[in-house]
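Residue strings, one per chain:
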Amino acid sequence: MKSTIALTAVAALAAKASASCFAERMGYPCCSGNEVVYTDDDGKWGVENGNWCGIADEPVYESCWSESQGYPCCSSPNAEVWYTDESGKWGVENGDWCGIPKGTPTPIDDEPYEISGNPFKGVEFYINPYYVDEVDGAIAQMTDSSLIAKAEKMKTFSNAIWLDTIKNMQSWLETNLQGAQSQHQSSGKDILTVFVVYDLPGRDCHALASNGELLANDGDLARYKSEYIDVIEGHLKKYNTQPVVLIVEPDSLANLVTNLESTPACADSEKYYLEGHAYLIKKFGVLPHVAMYLDIGHAFWLGWDDNREKAGKVYAKVISSGSPGKVRGFTDNVSNYTPWEDPTLSRGPETEWNPCPDEKRYLEAMHKDFKAAGIQSVYFVCDTSRNGKKVDRKHPGEWCNQTGVGVGARPKASPVSGMDYLDAFYWIKPLGESDGTSDENAVRYDGYCGHETAMKPAPEAGQWFQKHFEQGIKNANPPL
Ligand code: BGC
């Protein structure tokens, strides 16, 4: 302060003391008030009880003490304490110990977050540590250095987190919502986490690969509500300072548009899909920090004129059944391979007269039709995790682990100029997680996963599929 020499001497004496504000490191206490009497290079000083004290207006961290012991520093002084020893407090990040920096914790932002407009805009996307671990496991099996470099890049992009069973989702929610909150506390940025709600009774009624734990009956609907949706709601309410996007039950409503007559399992599931949606929209659609997207399949499912028209009615009815809950919009191409743009195709025999043979044209048409059907909020998120390259599917209805897959456009808010109703490109289904097993003897074996263009042998849906991942990063477009 006034006498630098005196200060330096005190600082040297106090060097061993653990710091909680800049002044403490120099042998002075921190002020309890914030009246500034003097400012110098070290910071702002006040006087209390006849002594100089430091005013900590910025969090000040001691240098990372754990590095000298071979461990990194945790990203925030607010990190959860897992263990304490004589050197300090320890946390866990990315599956490893880290030293929690000593110092003034960043003030916790207790303000609830309110989404207005596009939830993907102006935020940082949360990186799912589980996917990072999966990719690390994949890298451990690689020898080609250029492939490894591409895989490393995959760890820097965001994926959705699938809440696919009652048992798993509790820890998925807690770990990742907490992770997003502590990232926010250390970076000061708003961190968006994207979850997929995926456990409807009678799930995946038209296929077998992703059949779920709950069956199409009243008892399982009650479980869906109380053991799944209510539990998610509880976690979302607890962590309300960061934005969350929920992607709701991929494929379910599209099955109600086209497969009620052809597939008895879909007819049996209809009631539960409808009641499940009404219930969850009422619950999640009133949370200000949450934005919801219902799923509309993809271009080669609902793209035809009659399907789009029918879809307008089904989705309008579902949304109003969830009132006063609000829905932001719709997701397309989830886990699918249809390119964003495919100028080589136009309506004709080749597309079976589908006027929407790529996702861009599909969304343009859906936007118009859904508005005409009276749906107020019509915004889209397109899954680009598998559609970087046009794969030779023989038939565009092929959806299982397609040979030649390439990861597509990187997750990004408002990615296409002039298309203000496209909220984002995002990786909803993680590249490298299987679309379905090719084991003919498995209970969830679906014939599509045995077709000519499906990669084989393939593990169960959701399990790591190294070949899928390696092809996907090799064929990335844009390249990694
Ligand atoms: C599977 C889920 C999995 C998800 C993400 C779905 O196809 O059915 O269990 O969580 O993909 O990989």
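- Named according to an unreviewed UniProt entry, the protein chain is Glucanase originating from Neocallimastix patriciarum.
- Within the UniProt record for the protein chain, the comment given under Sequence similarities (unreviewed entry) is "Belongs to the glycosyl hydrolase family 6."

**Regarding the nonpolar core**
Then comes step 1: By size, the foremost hydrophobic cluster in this structure holds 69 residues, and its most contacted members are Phe284, Leu294, Tyr315 and Phe330.
Then comes step 2: A total of seven residues in this core trace back to one element, the largest contributor, which is helix H5 (residues 218-238).
Then comes step 3: Contact partners of Leu294, with chain neighbours within four places excluded, come to Val248, Leu253, His277, Ile281, Tyr315, Val318, Ile319, Val327, Gly329, Phe330 and Thr331.

**Section: the sheet that holds strand S6 (residues 96-99)**
Then comes step 1: Across the sheet, three strands lie side by side as S4-S5-S6; this open sheet has antiparallel pairing. One side of each edge strand has no neighbouring strand; the edge strands of this open sheet are strand S4 (83-85) and S6. Within this sheet the neighbouring strands show an average axis-to-axis angle of 35°, counted without direction.
Then comes step 2: By the bridge criterion, four bridges tie strand S5 (residues 88-93) to S6 in an arrangement that is antiparallel. If you follow Glu93 over to S6, its bridge partner there is Asp96.

**What about the site of the ligand?**
Then comes step 1: Close contacts around the ligand come from Trp162, Asp164, Tyr198, Arg203, Ser210, Lys429, Glu433, Ala461 and Gly462, and that covers them all.
Then comes step 2: Within the contact set of the ligand, an oxygen atom lies 2.6 Å away from a side-chain nitrogen or oxygen of Ser210.
Then comes step 3: For the ligand, whose accessible area on its own is 310 Å², the fraction buried by protein is 92%.
Then comes step 4: Along the lines of polarity and charge, the residues of the shell around the ligand split into three nonpolar, two polar and four charged.

**What about the packing of helix H2 (residues 129-139) against helix H3 (residues 145-154)?**
Then comes step 1: With their axes 9 Å apart at the nearest point, H2 and H3 run at an angle of 175° to one another. Comparing their axes, H3 and H2 come out roughly antiparallel. Contacts from Tyr131, Val135 and Ile139 of H2 reach H3 at Ile148, Ala151, Glu152 and Met154.
Then comes step 2: Across the contact of H2 with H3, the residue classes break down as six nonpolar, no polar and one charged.

**A look at the sheet that holds strand S2 (residues 43-48)**
Then comes step 1: Pairing within the open sheet is antiparallel, and its three strands lie in the order S1-S2-S3. Only two strands of the sheet have a single neighbouring strand rather than two, namely strand S1 (38-40) and strand S3 (51-55). Pairs of neighbouring strands in the sheet enclose a mean axial angle of 35°, with direction left out of account.
Then comes step 2: Relative to S3, S2 runs antiparallel, the two sharing five bridges. Residue Gly46 lies in a different strand from S3, and its bridge partner there is Cys53.

**Side note on the confidence of the model for the protein chain**
Detailed reading of the predicted model is not advised wherever pLDDT is low.
Then comes step 1: Averaged over all residues, the pLDDT of the protein chain equals 90, while 93% of them reach at least 70.
Then comes step 2: Across residues 1-19, where pLDDT falls below 50, the model places 29 contacts with residues more than four positions away in sequence or in other chains.

**Brief notes about the domain arrangement of the protein chain**
Then comes step 1: Here the domain parsing of the protein chain yields domain 1 (24-54), domain 2 (66-99) and domain 3 (124-475).
Then comes step 2: For domain 2 and domain 3, the distance between their C-alpha centres works out to 35 Å.
Then comes step 3: Contacts between domain 2 and domain 3 engage four residues on the former and four residues on the latter.
Then comes step 4: Together, the buried faces of domain 2 and domain 3 total about 360 Å²; carbon and sulfur atoms form 45% of this surface.

**Observations regarding unusual backbone geometry**
Then comes step 1: Looking along the chain, the bond that leaves Lys456 and enters Pro457 is cis, with omega of -5°.
Then comes step 2: Non-glycine residue Asp204 carries a positive phi angle of around 60°.
Then comes step 3: Structurally, Asp204 is set in the loop between strand S9 (191-197) and H5.

**Digging into the UniProt feature "active site" (unreviewed entry) in the protein chain**
Then comes step 1: As recorded in UniProt, the sites labelled "active site" (unreviewed entry) are Asp251 and Asp435. Spatially, the listed residues are clustered: although they cover 185 residues, their C-alpha atoms lie within 13.2 Å of one another.
Then comes step 2: Along the chain, Asp251 falls in the loop between strand S10 (244-248) and helix H6 (252-258).
Then comes step 3: What makes Asp251 partly exposed here is its relative accessible area of 23%.
Then comes step 4: In contact with Asp251, not counting residues within four places along its chain, are Asp204, Asp295 and Trp301.
Then comes step 5: Position of Asp435 among the secondary structure elements: in the loop between strand S15 (422-426) and helix H11 (466-474).

Basis of the calculations
Residues numbered from 1 in each chain as written. Predicted model: local features only at pLDDT ≥ 70, side-chain atom pairs only at ≥ 80, totals over all residues. Heavy atoms only, no water. UniProt positions renumbered as here; feature names shortened; annotations may be inferred. Core = buried A, V, L, I, M, F, W, Y, C linked by side-chain atoms within 4.5 Å. Buried < 20%, exposed > 50% of the residue type's maximum accessible area, 1.4 Å probe, protein only. Helix = DSSP H or I, 4+ residues; strand = E, 2+ residues; numbered from the N terminus. Contact = heavy atoms within 4.5 Å. Pairing = 2+ DSSP bridges. Axes fitted to C-alpha atoms, helices over the stretch in contact; angles between N-to-C directions. Near = heavy atom within 4 Å. Polar contact = N/O pair within 3.5 Å; in protein donor to acceptor, adjacent residues only side chain to side chain. Areas by Shrake-Rupley, 256 points an atom, 1.4 Å probe, with all protein chains shown as cover. Nonpolar A, V, L, I, M, F, W, Y, C, P; charged D, E, K, R; others polar. Parallel < 35°, antiparallel > 145°, perpendicular 65-115°, else oblique. pLDDT = per-residue confidence, 0-100. Domains from an automatic or database assignment. Buried area = accessible area lost by both parts, 1.4 Å probe.

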